[in-house]
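Observations on the model geometry
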Amino acid sequence: MSRAGFFGVVFAGCLSAMAAVAEESSPTPPFNLTDPQIIDEGRVQFAQTCVYCHGNAGSGGKAGPISGRTDLTQDYLFTTISNGKRAGSLVMPTWKDSLDEPTIWKLVAYVLSLQAKPAPEAKTQ
């Protein structure tokens, strides 16, 4: 095999491996994350497991507020809730050993529902 052919095979193998990793790191929700029932179930779970650090309705506590944040994607939230996170002395625990995937997705749905909504226009007199 020529040198160029060898590197072509290696490159193709690397692309396949990267695609497999991307698939694993981008889980798919098992239901519609905008479904009001799913969001409500996430709210209930949030009150049981998250409110101590993240505050009521994500208003903040030991950890900063999460309500109104538009930078949190569903993939980021799922991965962070599942695997936990460390930021300096703050540690978010890993929840994948305590909560099943559908429950984590319900939490994701609830947190996404807390994103900033457009402010109502000011009334003029």
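For the structure itself, look to the data block above.
The rules behind the values
- Residues numbered from 1 in each chain as written.
- Predicted model: local features only at pLDDT ≥ 70, side-chain atom pairs only at ≥ 80, totals over all residues.
- Heavy atoms only, no water.
- Phe/Tyr/Trp six-rings, centres within 6.5 Å; stacked < 30°, edge-to-face > 60°.
- Helix = DSSP H or I, 4+ residues; strand = E, 2+ residues; numbered from the N terminus.
- Buried < 20%, exposed > 50% of the residue type's maximum accessible area, 1.4 Å probe, protein only.
- Salt bridge = Lys/Arg side-chain N within 4 Å of Asp/Glu carboxyl O.
- Contact = heavy atoms within 4.5 Å.

**Notes on the packing of aromatic side chains**
Applying the stated rule across the entire model yields two aromatic pairs. With a centroid separation of 5.2 Å and 55° between ring planes, the pair formed by Phe46 and Tyr110 is classed as tilted. Note that Phe46 is positioned in helix α2 (residues 36-49) and Tyr110 in helix α5 (residues 101-113), a separation of 64 residues in sequence. Just as Phe46 is buried, Tyr110 falls in that class too. Between the aromatic rings of Phe78 and Trp105, the centroid separation amounts to 4.4 Å while the plane-to-plane angle is 20°, which identifies the pairing as stacked. Taken together, the residues span a long stretch of sequence, with Phe78 in helix α4 (residues 74-83) and Trp105 in helix α5 at a distance of 27 residues. With respect to class, Phe78 is no different from Trp105; both count as buried.

**Concerning the pattern of salt bridges**
For the structure on display, the rule yields three salt bridges. In this structure, Arg43 engages Asp40 in a salt bridge whose closest nitrogen and oxygen atoms are separated by 2.8 Å. Here the residue Arg43 and the residue Asp40 both occupy positions in helix α2, the gap between them amounting to three residues, near one helical turn. Of the residues examined, Arg43 reaches a relative accessible area of 39% and is grouped as partly exposed. Here Asp40 falls in the partly exposed class, since its relative accessible area comes to 37%.

**With respect to α4**
All of the buried residues along α4 are Leu77, Phe78, Thr80, Ile81 and Ser82. The elements touched by buried residues of α4 are β1 (85-87), β2 (90-92) and α5. Two residues or fewer after α4 comes Gly84, characterised by a positive phi angle close to 80°.

**As for the environment of Pro27**
Along the chain, the position of Pro27 falls in the loop between α1 (3-25) and α2. Taking the relative accessible area as the measure of exposure, Pro27 reaches 18% and is therefore buried. Note: C-alpha distance between Pro27 and Trp105 (78 residues apart in sequence) is 9.8 Å. Among residues more than four places away in sequence, those in contact with Pro27 are Asp75, Phe78 and Trp105.

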